[in-house]
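Spelled out from the first residue to the last, the chains are:
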Amino acid sequence: MELPDFMNYGNKFSKQDFVEKIARIAKGAGSKLVYAALILYYTLQSPKVSATNKAMIIGALGYLISPLDVVPDAIPIAGLADDLGVLIFVLKKVWTDVDPDIQIKAKKRLSKWFDEDEIAEINDLFDGEK
């Protein structure tokens with residue numbers, strides 16, 4: 001899959017829009033997408049993250065929020081596949097900035113929307129994406 005120029009979506013990101021979108025799409029998007037988004041969201045808040053990595057994270061989260069995607073979100077299953085691809089791409093780029101505490105915080109937040117079996121799916125988040 002070829003990734004879109006997600007960096008053009010930085011102006012679409014806002015904390016309120018992110019929280020609203022995640023709450024709205026959580027179940028339909030699946031635990032992997034939500035987990036990746038939460039990790040990036042919490043990593044963005046870390047003072048240890050470079051400005052370059054923050055810009056990438058903002059671009060990826062803006063792309064997630066934006067209704068103007070390469071594949072519109074309204075298309076079942078495929079509509080969020082491009083979003084997941086962008087999130088995983090950026091997550092791999094900034095992984096060294098992701099503290100274990102952030103992973104725990106994101107996983108804890110998942111438990112509000114997903115059951116244990118669905119949460120177990122995040123263990124293979126990077127499978128098939130390399």
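Bear in mind that the values here come from a model prediction, so they are computed numbers and not experimental data. (Residues numbered from 1 in each chain as written. Predicted model: local features only at pLDDT ≥ 70, side-chain atom pairs only at ≥ 80, totals over all residues. Heavy atoms only, no water.)

Counting its secondary structure elements, the protein contains 6 helices and 0 strands. Seen in sequence order, the protein has helices and strands lined up from the N terminus as α-α-α-α-α-α. Relative to its full complement of 130 residues, the protein shows a buried share of 45%. For the protein, the share of sequence-separated contacts (at least 6 apart) that also reach a separation of at least 24 residues comes to 74%. Accessible surface computed for the protein: about 7,200 Å², of which carbon and sulfur atoms make up 55%. (Helix = DSSP H or I, 4+ residues; strand = E, 2+ residues; numbered from the N terminus. Buried < 20%, exposed > 50% of the residue type's maximum accessible area, 1.4 Å probe, protein only. Contact = heavy atoms within 4.5 Å. Areas by Shrake-Rupley, 256 points an atom, 1.4 Å probe, with all protein chains shown as cover.)

Right, let's get into the packing of helix α2 (residues 31-44) against helix α3 (residues 51-65). Orientation of α2 relative to α3, taken along the N-to-C sense of each, is 140°, at an axis distance of 10 Å. What the angle tells us is that α2 and α3 run oblique. In this structure, α2 crosses over α3, and the sense of that crossing is left-handed. Contacts from Leu33, Ala37, Leu40, Tyr41, Thr43 and Leu44 of α2 reach α3 at Lys54, Ile57, Ile58, Ala60, Leu61 and Leu64. Residue composition of the contact of α2 with α3, by class: 10 nonpolar, 1 polar and 1 charged. (Axes fitted to C-alpha atoms, helices over the stretch in contact; angles between N-to-C directions. Parallel < 35°, antiparallel > 145°, perpendicular 65-115°, else oblique. Left-handed = near helix turned anticlockwise from the far one by under 90°. Nonpolar A, V, L, I, M, F, W, Y, C, P; charged D, E, K, R; others polar.)

Moving on to the confidence of the model for the protein. Scored by pLDDT, the protein comes out at a mean of 83, with 85% of its residues at no less than 70. Of all the helices and strands in the protein, helix α1 (residues 15-29) carries the lowest mean pLDDT, 79, while α2 carries the highest, 94. (pLDDT = per-residue confidence, 0-100.)

It is worth spelling out a negative patch on the surface at this point. A contiguous patch of negative charge on the surface is contributed by Asp115, Glu116, Asp117 and Glu121. With respect to the helices and strands, Asp115 occurs in the loop between α5 (100-110) and α6 (116-120). Residue classification places Asp115 among the partly exposed positions, given a relative accessible area of 42%. (Patch = residues over 30% accessible without salt bridge, like charges linked within 9 Å, V, L, I, M, F, W, Y side chains within 5 Å. Salt bridge = Lys/Arg side-chain N within 4 Å of Asp/Glu carboxyl O. Lys, Arg positive; Asp, Glu negative; His and termini not counted. Charge placed at Lys NZ, Arg CZ, Asp CG, Glu CD.)

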